[in-house]
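Each chain, letter by letter, is given below.
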Amino acid sequence: MNILETDSIQLAFNGQTILNNVYLSCRTGEIVGLVGRNGSGKSSLMKLIFGTLRGDAQSVRINKKYYSHAYRQGARLMYLPQDGFLPGYLRVADVRKLFKWKEDPCDDFEELNDLGNTNISDLSGGQKKLLEVLALLYGQAEFLLLDEPFSFLAPVTVEKLTPHIIYQSGKKGILLTDHMYRTVLDTCHRIYLVQTGVLREIKDTRVLIDMGYLPEE
């Protein structure tokens, strides 16, 4: 079992604290969810872990080894940003080769059928997001950071996608955040709440109901 850890994270913009002394861990074999209000720092935390954003202080380690720019370790850690990452000139068929898929998950999604020769730039927003999520899930990285993986996706597609996330978590560590809190809770093994710059693990979903993040059941 491998472990991704980050701690001592400090981030402030224009004198306003965004993240304060944050610690987070994620092991291969589990899905860890981040929940919190818009602007609470969830995306910033993922960028700090990935190494494309530098904080006032931060420590990111995989199996106790420190990485200042984890994105340089492509075989270990990959990141799905909200605004996507696949270049438009690639074809859908190129993704399988680029990410070295051993199996093709696109067969489970009719919205991606018969699109092998289609350029990424010609896909709809939902098709592109789905392809990007699958690209990372079935790629070689040990750890995945998924920021809003369900945005642009139809509810029926989200329902079909979540079993793939759960399946791949058997051998990967996955950190994900999405505004679809119920889906996040149903998919993840552990949950962290980001609030007023502080990260804390949530053991009881009643806390999220009491704080207004979820409706009364």
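Preceding this section is the structure that the text describes.
Report follows, based on the coordinates. For clarity, every value in this text was computed on a predicted model and none was experimentally measured.

## Points about the side chain of Arg 76
- Tracing the sequence through the fold places Arg 76 in the loop between strand E5 (65-66) and strand E6 (77-80).
- At 3.5 Å, the side chain of Arg 76 and the side chain of Tyr 67 are in polar contact.
- A polar contact of 2.6 Å, which involves the side chain of Arg 76, links it to the side chain of Glu 142.
- Discounting chain neighbours no more than four positions away, the residues touching Arg 76 are Asn 2, Ile 62, Asn 63, Tyr 67, Ala 141, Glu 142 and Phe 143.

## Some remarks on the nonpolar core
- The biggest cluster of nonpolar side chains holds 44 residues, and the ones touching the most others in it are Trp 101, Leu 131, Leu 134, Leu 161 and Leu 176.
- Looking at this core element by element, the count peaks at 7 residues for helix H3 (residues 125-137).
- In this structure, Leu 11, Ile 18, Ile 62 and Leu 175 belong to the second largest nonpolar core, which totals 28 residues.

## Some remarks on the side chain of His 164
- As for its placement among the helices and strands, His 164 is situated in helix H4 (residues 155-168).
- A polar contact is formed between the side chain of His 164 and the side chain of Tyr 138, at a distance of 2.7 Å.
- Beyond its immediate stretch of four places on either side in the chain, His 164 contacts Pro 105, Asp 108, Phe 109, Leu 137 and Tyr 138.

## With respect to the sheet that holds strand E4 (residues 57-62)
- Spatial ordering of the open sheet is given by E2-E1-E4-E5, a layout of 4 strands whose pairing is antiparallel. Across the chains shown, the open sheet's two edge strands, defined by having one partner strand only, are strand E2 (16-27) and E5.
- Bridge analysis of strand E1 (residues 3-13) against E2 gives 9 bridges, and the strand direction is antiparallel. If you follow Gln 10 over to E2, its bridge partner there is Asn 20.
- Each of E1, E2 and E4 is contacted by helix H1 (residues 42-50), which is oriented at about 120° to E1, the strand it contacts most.

Each value, and the rule that gives it
- Residues numbered from 1 in each chain as written.
- Predicted model: local features only at pLDDT ≥ 70, side-chain atom pairs only at ≥ 80, totals over all residues.
- Heavy atoms only, no water.
- Helix = DSSP H or I, 4+ residues; strand = E, 2+ residues; numbered from the N terminus.
- Polar contact = N/O pair within 3.5 Å; in protein donor to acceptor, adjacent residues only side chain to side chain.
- Contact = heavy atoms within 4.5 Å.
- Core = buried A, V, L, I, M, F, W, Y, C linked by side-chain atoms within 4.5 Å.
- Buried < 20%, exposed > 50% of the residue type's maximum accessible area, 1.4 Å probe, protein only.
- Pairing = 2+ DSSP bridges.
- Axes fitted to C-alpha atoms, helices over the stretch in contact; angles between N-to-C directions.

So, to be careful, I would describe these as geometric facts and stop short of saying anything about function.
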